[in-house]
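Here's the letter readout for the chains.
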Amino acid sequence: MDSALIRIENLHKTYHMGDNHVHALRGISLEIPRGSFVSIMGASGSGKSTLMNIVGCLDKPSSGKYYLDGVDVGALERDELADIRNRKVGFVFQQFNLLARTSALENVELPLLYSDNDKSKFKERAMAALTSVGLAERYDHHPSQLSGGQQQRVAIARSLINNPQLILADEPTGALDSRTSVEIMGIFQKLNREKGISIVVVTHEPDIAHYSDRIIQFKDGHIMLDERVPNPRNAERELSELPEVEEEEEPVA
Amino acid sequence: MNKVFQSMRIAFRALRVNKLRSALTMLGIIIGVGAVIAMVSVGSGATDRIHQQIASIGSNVIIVQPGSQNTGGVKSGNGNAQTLTEEDARAIQEECPDVMYSSPLQQNQQQVVYGSNNWGTRIYGVAPEYLTIRDLRLEEGEPFTTEDVKSTNKVALLGKTVVDNIFGGEDPIGKTIRVRKVPFTVIGTLVPKGQNANGQDQDDMIIMPITTAKKKVMGGGRQNSWQQIGQVLVQARDGRNQNAMDEIEALLRQRHRLQATEDNDFQVRSLEEMAAAQEQATQIMGLLLASIASVSLIVGGIGIMNIMLVSVTERTKEIGLRQAVGAKTNDILSQFLVEAVSLSLLGGCMGIAMGVLASFAISYFAGWNTLVSLPSILAAFFFSALVGVFFGFYPARKAALLDPIEALRYE
């Protein structure tokens, strides 16, 4: 078995827009071991989103190889990619992307609908996932009744439901205030530490990136910088040092 | 099976979110299916009427009428010549092997009097076989016999309308009524038959021996001269209608001594054939109505397609998310297809209810006979599902083939 969860070899991605060829990625090679917590940074247009799409099996490379958990993703069909996303990857988005008018519990269940799981266990597993992000008692709330931080926690619970090996978070704190951002990063750190889930966060905030063990900087389709973080921030400790706030958060409109 | 159930749950939730929109979309199907059901019910109601009419006339009935009269090149209509006789009627019964019964028939409008009451009705002068041919049954009393015909007995059978109008509540059996001042003894009353297809009251009649009718009631006038009759009513053996008609034609040509070059001076018609022709015309009308109605079903289908396309566009982001968490092409396809079929099936069921109501309304207010048949309901159900699949497929396919990255990015 491949020691690296993600192995990328000389990856190119070119978009064709009419007569223009946009080279989003120009020969990337990268290896991310199991259990990593990696931040990807870079200006918009640097190629980081393209890489995230490919790593998340939403897109395929134009050339080069991408192995996820030893599987050559570039060779897979549309529905096989969907299956990989379902079983191995959890997505967390900046705008949470929860289904409106649907309870937190059912939002968390969503990926289960597309896997061959035992239906009788759906509720139980979704509750467990909600509990692990500390939202068990709000299982029947709709997204509009939850604060931004709570919505993002529901989204994280959804990404966890199929016990993925990798969680991809695209600007997960982009729509949250700083205290809530620390809480969310704390959840990621806990999942990484306790469950050994690999986490890749795309962010443009250096503060957020320093919760991870490794930062990869992108520029013009190349990796500009790939460095270890000497002393990652510890969200749990920071949170305990922050002044107490009202437990009930203001629901976002 | 689980997947289908799950798709249905998702679909019903999506439909509930936009209640008004779903209702308006269904309205197209409701009207379409309702119109088809109502129009088909009108068509089959008319056909059913004709079947009833055949049944009320009696089965395998053939009518023989005198032909047209040719006086110096002027041809009068059928039935005007006086070429049929009681003898002809008797000969048809005795000499045509495929004829079961035959009866002469002479009818006339007369005033009938009992006590101080009087009533205008039709007098039917016939042979006893007439009752069998027309499938007329007696409510009370006895039919008259061949003996009554021979002896010109003054006996009469009364239809229910006549009884109601001149006897009131009194028992008519054995009483004496007067027709043209001639006294008749009522020996029986007929089981009511109701109206025929043309709205004519079939119970407004008096039946009496042909001989009595001609001599005592319809006397005088050229048409009623001795022996000549208005028509002959014949009942053929089952399935031998055409043979019986051929036999009658051959027999009458011989009896009337017609040369090979001469036209028939009579006319032989099968009531069933006439009814069949009428039935065909009715069916064509029904088909026409139904096909016009089904156009609105297609329009309803286009409405579903339109709304599903809007829905797919609105929910692009949701589709992207579902794809990201692992929904395959078929998962998305079935979700939207089930949604479209739910719309059309739900609309179809309501349309069936509306069509049934409409057909009741038509028969109540317009007085037409309508008949909602089970096959038409099943067909409507099936077709509304088909409309959903047909018009839902393109939008569902469009949704299923969205690029997940672009769908997720869609605002």
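Thresholds applied
Note that residues are indexed from 1 along each chain, following the sequence as it is written. All chains are assigned letters beginning with A, and all ligands numbers beginning with 1, in the order in which they are written. Only residues with pLDDT of at least 70 get local features here, since the model is predicted, and only at 80 or more are side-chain atom pairs given and counted; chain-wide, interface and lining totals rely on the full set of residues. With hydrogens and water stripped out, all remaining heavy atoms of the structure feed into the side-chain values. Inter-axis angles, ranging from 0 to 180 degrees, are taken between N-to-C directions of lines fitted to C-alpha atoms, where helices are fitted over the stretch in contact. Numbering goes from the N terminus for both helices and strands, where a helix is a DSSP run of H or I of at least four residues and a strand is a run of E of at least two. For classification, angles of less than 35 degrees are called roughly parallel, those exceeding 145 degrees roughly antiparallel, those between 65 and 115 degrees roughly perpendicular, and all remaining angles oblique. Left-handed is the label given to a crossing in which the near helix is rotated counterclockwise from the far helix by less than a right angle, and right-handed is the label when the rotation is clockwise. Any pair of residues with heavy atoms lying within 4.5 Å of one another is described as a contacting pair. Residue polarity follows a fixed list, in which Ala, Val, Leu, Ile, Met, Phe, Trp, Tyr, Cys and Pro are nonpolar, Asp, Glu, Lys and Arg are charged, and the others, Gly among them, are polar. The residues that make up patches have over 30% relative accessible area and no salt bridge, and they are joined within 9 Å when like-charged or within 5 Å when they are Val, Leu, Ile, Met, Phe, Trp or Tyr. All accessible areas in this document rest on Shrake-Rupley with a 1.4 Å probe, and a residue is counted as covered only by the protein chains that are shown. Salt bridges, as used here, are contacts in which a Lys or Arg side-chain nitrogen is within 4 Å of a carboxyl oxygen on Asp or Glu. Accessibility here uses a 1.4 Å probe with only protein chains present; expressed as a share of the type maximum, an area under 20% marks a residue as buried, one over 50% as exposed, and anything in between as partly exposed. By this definition, two strands are paired if DSSP reports at least two bridges between them. Per residue, pLDDT measures the predictor's confidence, with a range of 0 to 100. Definitions used throughout: a 1 Å grid over protein atoms alone; a cavity as a set of points that fits a 1.4 Å probe which cannot get out; a pocket as an open set with protein on both sides within 12 Å along at least five of seven lines; a lining residue as one with an atom within 4 Å of a point. Grid points are joined across faces, edges and corners, and a volume is the space filled by probe spheres set on the points.

As a further point, take the packing of helix α5 (residues 148–160) of chain A against helix α6 (residues 178–195) of chain A. Residues and elements named next belong to chain A. It is at 10 Å that the axes of α5 and α6 come closest, and there the two elements cross at 15°. By the angle between their axes, α5 is roughly parallel relative to α6. As α5 runs across α6, the sense of the crossing is right-handed. Residues Gly149, Gln152, Arg153, Ile156 and Leu160 of α5 form the contact with α6, whose own contacting residues are Thr180, Glu183, Ile184, Ile187, Phe188 and Leu191. Tallied by class, residues from the contact of α5 with α6 come to 6 nonpolar, 3 polar and 2 charged.

It is worth spelling out a nonpolar patch on the surface at this point. Residue and element names in this part refer to chain B. A cluster of nonpolar side chains, contributed by Val4, Met8, Phe12, Leu346 and Met350, occupies part of the molecular surface with about 380 Å² of accessible area. Per-element accounting of the nonpolar patch gives the leading share, 3 residues, to helix α1 (residues 2–17). With respect to the element layout, Phe12 can be found in helix α1.

With that settled, consider the pairing of strand β3 (residues 37–42) of chain A. Residues and elements named next belong to chain A. Extensive coverage of β3 is indicated by the burial of 6 of its 6 residues. Across the two faces of β3 the burial is the same, with Phe37, Ser39 and Met41 and Val38, Ile40 and Gly42 all buried. As judged from the 4 bridges shared by β3 and strand β8 (residues 198–202), these two strands associate in the parallel manner. Residue pairing across strands places Val38 opposite Val200, the latter belonging to β8. Note: β3 against strand β9 (residues 214–219), 5 bridges, orientation parallel. Bridged to Met41 within β9 is Gln217.

Moving on, we come to the environment of A:Pro143. All names here are of chain A. In this fold, Pro143 is placed in the loop between α4 (122–132) and α5. On the accessibility criterion, Pro143 (9% relative accessible area) is buried. The sequence separation of Pro143 and Leu99 amounts to 44 residues, and the corresponding C-alpha distance is 7.6 Å. Setting aside anything within four residues of it in sequence, one finds Pro143 in contact with Leu98, Leu99, Ala100, Arg101, Thr102, Asn107 and Gln151.

Glancing now at unusual backbone geometry. All names here are of chain A. One non-glycine residue with positive phi stands out, namely Asn163, at about 50°. On the secondary structure map, Asn163 appears in the loop between α5 and β7 (166–170). Here Glu171, not a glycine, exhibits a phi torsion of approximately 50°, which is positive. On the accessibility criterion, Glu171 (9% relative accessible area) is buried.

Another aspect to go through is the confidence of the model for chain A. Per-residue confidence for chain A gives a mean pLDDT of 90, with 95% of residues at or over 70. Averaged pLDDT values for the elements of chain A fall to 88 in helix α8 (residues 235–241) of chain A and rise to 96 in β8(A).

All names here are of chain B. The contact between helix α9 (residues 271–314) and helix α11 (residues 329–366) brings their axes to 11 Å, and the two run at 145°. For the element pair α9 and α11, the recorded crossing hand is right-handed. In this structure, α9 uses Ile304, Met308, Ser311 and Val312 to contact α11, whose residues at the interface are Phe336, Glu339, Ala340, Leu343 and Ser344. Here the contact of α9 with α11 is built from residues that sort into 6 nonpolar, 2 polar and 1 charged.

We now examine empty space enclosed by the protein. In the structure shown here, the tally under the stated rule is 1 cavity of 30 Å³ or more. In this structure, the largest cavity occupies an estimated 80 Å³ of space. In terms of lining, the largest cavity is formed by A:Arg85, A:Asn86, A:Val89, A:Gly90, A:Phe91, A:Pro111, A:Arg158, A:Ser159, A:Ile161, A:Asn162, A:Pro164 and B:Val325. Those elements giving two or more residues to the lining of the largest cavity turn out to be α2 (78–88), β6 (89–92) and α5 of chain A. The dominant element in the lining of the largest cavity, judged by the number of residues it contributes, is β6(A), at 3 residues. In terms of residue class, the lining of the largest cavity is built from 6 nonpolar, 4 polar and 2 charged.

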